[in-house]
Amino acid sequence: MTTILRTPKGWPSILLARAGAKDPTDLDAAVKGGAFGGLRKAVHDLGPTGVIATLAASGLRGRGGAGFPTADKWRAAATTDAPRRYVVANGYGADPAVLTDRTLLETDPYAVIEGLAIAALAIDADEGFIAVRAEAGPAIRRLEAAIGAAEEAGFIGPDVLGSGLSVTVTVRPVQGAYMLGEETVLLKALEGKRGQPEQRPPYPAERGLFGMPTVVQNVQTLAAVPWILINGAEAFAAIGSKASPGTILVAVRGPGGAGIAEVPLGTPLREIVALAGGPKRARDAGGAGAKPGRGSDGALKAVLVGGPSGGLLPPDLLDTPYEFEALRKVGAHVGSGSVVAADQRACIVDLARLLTRFCADEACGKTIPCRIGTRRISEIGDRIAIGVPRPTDLQLLADLSADVVASALCDHERLATLPYASGMRYFRSELDDHILRSSCPAGVCRPIAVAAGAAH
Amino acid sequence: MIRIPGLGIVGGMALTLRRFFEPKATIKYPEVKPDIPHKFRGRLQLLYDEYGALKCETCFQCAQACPIECIDMGGIDTKGRFHVHWGAPETYGERREESALRRSGRTVPDPAYAHFEGIDPDPVDGILEEYDFDPKQMLPILEATQAAYGHLPVAALKRISHATGAWYAMIYGTASYYSHLRFERPDDSTQAAAVADHRPTEATFLSGLDAALAGGRRAGAGSAPGAKPN
């Protein structure tokens, strides 16, 4: 279903290293390929403090979008005094257009299970959950088969590798809300409650699932942990950018098709877009592109980075490195790991309107800035798009976005303002065309386009 | 008793005179403000926005916060879900007693909900047994209940509430959050249409994204990348 895009030679392969396996649930083949070597090392050589120290040296950061240092999270959970601790692997993959987490679970379930087991040993937890989208049937079936096989072989279960430590891993299918990708919301769902975020601090690492310290990590983070323990922290730190080392799975969509690629963090956006036939070299751009011969930056209008709450970046920011801080600085974020190239046919207002509407509809309703604020932002966008804007709308949009960001409870509402915020920042002239001249340059916003006689 | 003619009218006029010299109840409103306790909120009411959607997510945080369980809601929420009233306002007193009883740990008789459609309780009882009456397993319980009945009937939710000890408001708030759980019968076409109108799906977003990238939402869902509007 999902294609894994071919990446240039020399790009490291950590998460998808065993992606080519005929049967991903075949334990013997996986062990031959290096699975559970990291767990063995963690149990026999490193111990909990050694694991956390190695991770701290590697600089691994959470792949869920916020990029929180993994070692800090584990240390906080390990040092908080509590009768029980939990590890939760977040494989929900909230963005419906992004299948990276699901693909990882399908192609290499053992890497996630091993990472989960290592995390459990490091923080002294005896129970781990892997949250998967209930619609992802193959991923759940493979995970369950893999957990069964690993338990039988003694890699997880009541006696991990003969050390006397116990780790139970359970798959928990969840579904029904975009917000489940947020860690505190996911914990609420696992507790059987309404999925609403919690105020932080206390972070889940101090008070999470059932009030106990809980490490919530994206499945990609956990899958990288065994590799670090086997190959060493220095080898990992050498990959990607200095501030955020390692690789990340990115769902790219461009004129040449769509797919998933493993990308070192810090790779310029241009190279990522080029994987899906974006503007870089003419030979990349064949395939199912809309119009042949689109080889220049001129055809590319914007790059949507970060999923439904992502930022719209103009082509001249294509050299921005794909990593947490750099993207935040330009008004986008890693988010769900999606990079979508929009060409000249797309209208910025139309795109931002769609994204904001989705975010507003998916708001859980716990806080007013999110419930009402995102809805109002979406309504301002609707006014602009249907050609009845008020002269103060842009100012109102900017003020409202700032207020929502300032009073937000979780990242959902903070980031839901990004499509319009980045649109105003980089595509101001297009917004001005809509508001001041009642015309839509792309000819998309229909009432305006018709009224202005520009229905081309 | 001696009847004195004219005494009745004197009494009546006395009342009139007394009222005449009493302070007036009428105030000149915008200039003079009435003295209202600062916690007074008038009649609590949920408002509809200009699109006709209720300005409420039915998260039931308010109902969960109310110690005597007297908060109740009705209407269509922003997600297009139909909320069913918990009961008539006249039953608030009973509900108060029920709330106190429930917290004492005893089973509570439930006359306020008798008018909701009856269900065959065996499936839900079996499901509760299977999940050991554990409120932490609420999502699997609700999913299994929906699979058994086709939707989540109020009577079943009440039964789950009684058996697990979780507040009805909590269960309702949970069920109203997840888009795969529904309160309306799947065969009720008018409700289904109204709900579909309000409730966005991931498929809507995906086709919207496809269309937006291909130049216009009206180009239709899933149009080929090369297709241009007009």
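If you're wondering where the values come from, they're calculated on a predicted model, not measured in any experiment. (Residues numbered from 1 in each chain as written. Chains lettered and ligands numbered in written order. Predicted model: local features only at pLDDT ≥ 70, side-chain atom pairs only at ≥ 80, totals over all residues.)

## Some thoughts on the overall build of chain B
Stage number 1. Counting its secondary structure elements, chain B contains nine helices and two strands.
Stage number 2. Traced from its N-terminal end to its C-terminal end, chain B shows the element sequence α-α-β-β-α-α-α-α-α-α-α.
Stage number 3. Expressed as a percentage of its 230 residues, the buried residues of chain B come to 25%.
Stage number 4. In chain B, of all internal contacts separated by at least 6 residues, the share reaching a separation of at least 24 is 49%. (Helix = DSSP H or I, 4+ residues; strand = E, 2+ residues; numbered from the N terminus. Buried ≥ 20, exposed ≤ 12 C-beta atoms within 10 Å, placed from the backbone. Contact = placed C-beta atoms within 7 Å.)

## Re the interface of chain B and chain A
Stage number 1. Contact residues are listed per partner, giving 30 residues for chain B and 31 residues for chain A.
Stage number 2. Only helix H5 (138-149), helix H7 (168-177) and helix H9 (202-213) of chain B provide two or more residues apiece to the side of chain B that touches chain A.
Stage number 3. With seven residues, H9(B) is the single largest residue contributor to the side of chain B that touches chain A.
Stage number 4. Tallied by class, residues from the side of chain B that touches chain A come to 15 nonpolar, ten polar and five charged. (Nonpolar A, V, L, I, M, F, W, Y, C, P; charged D, E, K, R; others polar.)

## Points about the environment of A:Ala29
Residues and elements named next belong to chain A.
Stage number 1. Within the secondary structure layout, alanine 29 lies in helix H1 (residues 27-32).
Stage number 2. On the basis of neighbour count, alanine 29 is assigned to the partly exposed category, with 15 C-beta atoms found within 10 Å.
Stage number 3. Spatially, the C-alpha atoms of alanine 29 and arginine 18 are 9.7 Å apart, while their sequence positions differ by eleven residues.

## Some points on the domain arrangement of chain A
Residue and element names in this part refer to chain A.
Stage number 1. Once the domains are mapped, chain A shows domain 1 (27-237), domain 2 (247-343) and domain 3 (348-451).
Stage number 2. Each partner contributes residues to the interface: domain 2 has 14 residues there, and domain 3 has 17 residues.
Stage number 3. Among the elements of the structure, strand S7 (300-305) and strand S8 (311-313) are those that each provide at least two residues to the side of domain 2 that touches domain 3.
Stage number 4. Partitioned by chemical class, the residues of the side of domain 2 that touches domain 3 number eight nonpolar, six polar and no charged. (Domains from an automatic or database assignment.)

## A short note on helix H2 (residues 37-58) of chain A
Residues and elements named next belong to chain A.
Stage number 1. For H2, with 22 residues, the first-to-last C-alpha span of 18 Å runs short of the 32 Å given by 1.5 Å per residue.
Stage number 2. By the largest-angle criterion, leucine 46 marks the main kink of H2, which is about 110°, and a proline, proline 48, follows within four residues.
Stage number 3. The set of residues buried in H2 consists of Gly38, Leu39, Ala42, Val43, Val51, Ile52, Thr54, Leu55 and Ser58.
Stage number 4. Check the buried side of H2 and you find it contacts helix H3 (70-79), helix H5 (109-123), helix H8 (219-231) and helix H9 (233-237). (Expected span 1.5 Å × (residues − 1). Bend = angle between axes of the 7 residues up to and from the residue.)

## Describing the pairing of strand S5 (residues 247-254) of chain A
All names here are of chain A.
Stage number 1. Counted residue by residue, S5 has eight buried out of eight residues, so it is predominantly covered.
Stage number 2. Alternating residues of S5 divide into Thr247, Leu249, Ala251 and Arg253 and Ile248, Val250, Val252 and Gly254, and every residue in both groups is buried.
Stage number 3. When S5 meets strand S6 (residues 257-264), the two strands line up antiparallel, connected through eight bridges. Looking at the pairing, isoleucine 248 lines up with valine 263 of S6. (Pairing = 2+ DSSP bridges.)

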